[in-house]
Amino acid sequence: MLAAAAALFALARLSVGQGADTSLPFAEPQSCPGDHFYDASALQCWPCGAARRRSADGLHCVCKDGYTMIDTGSPLVRCNLCNQDNQVVSVDRKFCLTCTNCKPCGPSQVQVEDLALKTVSCQTCTNQTVPNALGNMCVPCQETFILTTNSCTCPPNNLRGGLCFGNTKMPARSAPLPDSIWYEMHLQASYLACASVQYNNQTACQLLTNLVVLDMNGLVSGEALILYRNIPAMTSYLPKLFYVDTNIAAPLGQTAPKGLSFQKDSQIALKIVKYDARGNFLGWEDVRGGTLQLCPDTQTLLDAAYKFGSFYAQSCTIRISDLLRRFPEPVLFELFLYYKDDQGQPRVWPIPVHSLNLDRNGLSTGAIRRFFLVDGLTGRRGSLSNPPSSVTYAEDLVLRTYLPTNNPTSKAPFLLTVRYAQTEDLQAQAQVTFTVLYEMNQAAAKRDTDIALGVLGSLAVFTAMLETSSWRRRSGLEFIDVVTIVKYLAHFAGALSNTFFLVTYGTGVYWLIVYKGQQSTVGITLPPAGSGIETSFIIYVSCAFALKALQLIHILMVQMTVSIFLIDWEKPKGRPLPKPTENKPSSSSVSIWRTYFIANEWNEIQTKRKINPILQLFLILLLLEVIGLKNIARRDLNLNLHPGSDVSLAPWSPILRYGISVSMWLAVGLAQTLFFIGIYERFVEDKIKQFVDLCSLSNVSVLILLHRCYGFYIHGRSVHGQADIGMETMYINLEREEDNLCAMRGLEPNMEVQTFEVLISNKVRQQYDRILSPLNEVARRNPPGHMDSPTLQQNLKAYFTMNKFLSSFLEHAYKDMDYVVREKLFLERILDFEFQRSDDRSFFYNDERMLFSNALYYGHELVLLLFDALLFSVVDLGTQNFVLAAIITYFVQKILEMVRKAISRRNLATKTLVDERFLI
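The following paragraphs examine the structure supplied in this document. (Residues numbered from 1 in each chain as written. Predicted model: local features only at pLDDT ≥ 70, side-chain atom pairs only at ≥ 80, totals over all residues. Heavy atoms only, no water.)

**Description of the overall build of the protein**
In terms of regular secondary structure, the protein is built from 21 helices and 32 strands. Scored against the burial criterion, the 920 residues of the protein give a buried share of 49%. Within the protein, residue pairs in contact and separated by at least 24 positions form 67% of the contacts whose partners lie at least 6 positions apart. Carbon together with sulfur atoms contributes 58% to the accessible area of the protein, which is approximately 43200 Å² in total. (Helix = DSSP H or I, 4+ residues; strand = E, 2+ residues; numbered from the N terminus. Buried < 20%, exposed > 50% of the residue type's maximum accessible area, 1.4 Å probe, protein only. Contact = heavy atoms within 4.5 Å. Areas by Shrake-Rupley, 256 points an atom, 1.4 Å probe, with all protein chains shown as cover.)

Given below as structure tokens:
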């Protein structure tokens, strides 16, 4: 009957162990029925069988009254019935004894049990018993001694770890034992006691499993592992240590529970089973804040690690001696996920544990189910009372969650990774971390990013080609040269920068909405820190900034080298001046102050912008730091803008920080631009339109050539004929203009258009260069700022000649250099490309949009805004500090503005032939 019960029990364990589902019904020792015991290796309740009942601790069975009991460490003890009338069970419940003389013994006698004769009498102890400490009874020897030698003595070769074995044959050793007194004392004994069918000692099996785990570098080929693998798992109480050798949740292997779902702000229910170093079962325990974390902190902050969906990271420095005081002996854990199945029944699923030490050493093994935090026991040598020569501790614990949890694939929904460190200095400081990460398959996100980059990158190539083609036509070039290639690269840098910006900004906003916007069930998570997607994202942002900087430098170089001339329409008045001589150009009674005034106004609006950069930075810091929008960028599902000091703060996400900061930057910039254009320029002042009006009042026109044959013209010829007049005449002229008593200001009769895009012919440009060529020769001969009398005379002659040439050209005085005024086609406006070629005549295109501002900061506000936003973001990604990013952005803005003003001021003086000393 006993053999049949044991066979039935082994078959039941075998059927459970070979199942595909590794989740288990949740059971604790106190939950087992009265006729069941709790199997600490299988973590389940099993029936004791006939003639047995559960022990007091619930972890094994004992024989019922009237039965002897043979206990070799197996939970299923052996029971034999004492069926004779005069037989009683011995005190140790191991024998049936015949009561021959039950009267009290004499004063010198001890009533003892004669186990040899199976009687109770007054006699001395036999060779199978030894006196107890008080000398009033004989106690039996340890069971292994009796079973092996039938006495209380054991040959030295048969003694292992305080136990006596009949067969001490061990498997051939292929790996050295760790240099540890603990392994010397218990490795062989635990193996023999666990592997022996005669003993089948459960505690020994647990101890052997612990020895495998405590040898952190021996999980592949260590001696303890070899002994562990040599024991048939289904014929003993050997705990299941390895999860699966390959995939944790392979379709044909052991599967994780399906249908798991977690709500927003819910806690992950985790439980652990604890064992001491000697293999004793210590019970179940809920995982709370400090259960697996070595760093001290408040319970609230530590519990935040298990808030589902929130990334968690805790790191601290702690002394090794403090760790040993907390764990004088190692405690070994098995981690389980607690959940309820479809029928509402509680179940637990073992969470796999992966050791990073093996990966670091080039080894590999399947995930295991048992781990420890601190071990100062196996590092002792010579004696257990000696201090440890080395201490092993878990320096890095990472609990990984793979989403979605309701449909696990080759990766289990939960995985614990541990990296151990070892030190010999007990006073050393240990850096320990505990991290909770959430991961998911990001292949779709990466694919979408690659597609977006490919499509937009292709558009950038064609955009750069169109811009370069437009530049060649505007420069009058016929062939592709080195300059053309450089221009193409400059335009391509700008277009590609916009591509990277759109992709990165779209990525940031996408994760802000998708991750932070989850309302109930959590099924999406951010790319983990250091992942390929996050690294690529940071690289893309850096590329966007670098290319945008190149685009801005190209724009500034064009603006700082622009060709500009101020055409004075004022006619001389008063008596005629002396005729010019050979070395002296003709003098004029026309005042130069109007020209100087226009030059100064142009110089003043060089860096005029549609937004206020200081106000922009102030509002950004107000939104991010004071209002607290930066807290949205944390790796959790919390939208609280002002978390309290008792709230655990998740790490920052660079993707979310970029998304929220750029969104705020663009929102504030757009708000400023709309206010400036819609309200300030309409009701307060419009510097660009005022400059055009000022040109008309000053009777001075402005010709600006961005490229060799392309630029802008501001028609400032006064409709009153003269502008060098007194105050009273000025007011009268303005009143006449208000009453429509004079002609319109436009270049053509009955037209108000004063601003034009111009595409001049090669002849006009050649004449323009011919007039200025003597000055270029003089500039090469003389140092900067030096102007002697011949140079001054040459400068004056060139000024008057250029003024006369351009004014005559605008009055259609040259039939071979004539121009026509027309409207740009719609497609020409969209593509910023002129379809006509200016081979024999020039073209003036009406420009109501004031495009001459493209020669100023004003016309490139979007480029400047994106450059500032990218600079701010790049600095923040590197420093995680919005304030520092704002300070650096402000200084870079100021440096660029100073350089732009200084070089443009010198260029303005050179190209307009205005003395730089009058530019203030």
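Once the structure has been displayed, the description carries forward.
**Considering the packing of helix H10 (residues 482–516) against helix H14 (residues 654–683)**
The contact between H10 and H14 brings their axes to 8 Å, and the two run at 110 degrees. By the angle between their axes, H10 is roughly perpendicular relative to H14. Of the residues in H14, those in contact with Phe501, Thr504, Tyr505, Thr507, Gly508, Val509, Trp511, Leu512, Tyr515 and Lys516 of H10 are Ile655, Leu656, Tyr658, Gly659, Ile660, Val662, Ser663 and Leu666. Broken down by class, the residue content of the contact of H10 with H14 amounts to 12 nonpolar, 5 polar and 1 charged. (Axes fitted to C-alpha atoms, helices over the stretch in contact; angles between N-to-C directions. Parallel < 35°, antiparallel > 145°, perpendicular 65-115°, else oblique. Nonpolar A, V, L, I, M, F, W, Y, C, P; charged D, E, K, R; others polar.)

**Observations regarding the pattern of salt bridges**
Oppositely charged side chains can form a pair if their charged atoms are brought close together. Taken as a whole and judged by the stated rule, the model has 38 salt bridges. When the shortest N-O distance is used, the salt bridge between glutamate 897 and lysine 901 registers 3.4 Å. Here glutamate 897 and its partner lysine 901 are both found in helix H21 (residues 882–912), 4 residues apart, which amounts to about one turn of the helix. For lysine 901, a relative accessible area of 37% corresponds to the partly exposed category. Salt bridges linked by common partners bring Arg474, Glu757, Lys824, Asp832 and Glu834 together as one network. (Salt bridge = Lys/Arg side-chain N within 4 Å of Asp/Glu carboxyl O.)

**Observations concerning the state of the cysteines**
Enumeration over the complete set of coordinates arrives at 7 disulfides. Linked covalently through their sulfurs, cysteine 48 and cysteine 61 form a disulfide whose S-S length is 2.0 Å. Judged by the sign of its S-S torsion, about -85 degrees, the cystine formed by cysteine 48 and cysteine 61 is left-handed. In this pair, cysteine 48 is assigned in the loop between strand S3 (44–47) and strand S4 (52–54) and cysteine 61 in strand S5 (residues 61–63), connecting sequence segments 13 residues apart. Through a disulfide, cysteine 82 is tied to cysteine 96; the S-S separation comes to 1.6 Å. Of note, the bridge from cysteine 82 to cysteine 96 carries an S-S torsion of about -95 degrees and is left-handed in sense. Taken as a pair, cysteine 82 in the loop between strand S7 (78–81) and strand S8 (87–89) and cysteine 96 in strand S9 (residues 96–99) lie far apart in primary sequence, 14 residues in all. Take cysteine 82 and cysteine 96: they sit in the same class, and that class is buried. (Disulfide = S-S within 2.5 Å.)

**Topic: a nonpolar patch on the surface**
A cluster of nonpolar side chains, Val883, Leu884, Ile887, Ile888, Phe891, Ile895, Val899 and Ile903, forms an exposed patch at the surface whose accessible area comes to about 640 Å². Turning to its location among the elements, leucine 884 is positioned in helix H21. (Patch = residues over 30% accessible without salt bridge, like charges linked within 9 Å, V, L, I, M, F, W, Y side chains within 5 Å.)

**As for the pairing of strand S31 (residues 819–822)**
Only one face of S31 is buried: it carries Tyr819 and Val821, and the other face, with Val820 and Arg822, is open. Across 4 bridges, the pairing between S31 and strand S32 (residues 842–846) is parallel. By the bridge assignment, tyrosine 819 is partnered in S32 with serine 842. (Pairing = 2+ DSSP bridges.)

**So, the environment of aspartate 375**
On the secondary structure map, aspartate 375 appears in strand S23 (residues 374–375). The exposure class assigned to aspartate 375 is buried, which follows from its relative accessible area of 0%. For the pair formed by aspartate 375 and proline 328, sequence separation is 47 residues and the distance between their alpha carbons is 8.0 Å. Every residue in contact with aspartate 375, bar those within four places of it in the chain, is listed here: Leu214, Pro330, Ser390, Val391 and Thr392. Polar side-chain contacts of aspartate 375 include one of 2.9 Å to the backbone nitrogen of leucine 377. (Polar contact = N/O pair within 3.5 Å; in protein donor to acceptor, adjacent residues only side chain to side chain.)

**So, unusual backbone geometry**
For the bond running from leucine 403 to proline 404, omega is -5 degrees, close enough to zero to count as cis. Looking at the element boundaries, proline 404 is found in the loop between strand S24 (391–403) and strand S25 (414–423). Positive phi outside glycine occurs at asparagine 200, with the angle close to 50 degrees. Topologically, asparagine 200 is positioned in the loop between helix H3 (181–195) and helix H4 (202–214). Residue classification places asparagine 200 among the buried positions, given a relative accessible area of 15%. The backbone of glutamine 880 shows a phi angle near 55 degrees, a positive value even though the residue is not glycine. Its place among the elements puts glutamine 880 in the loop between helix H20 (861–879) and H21.

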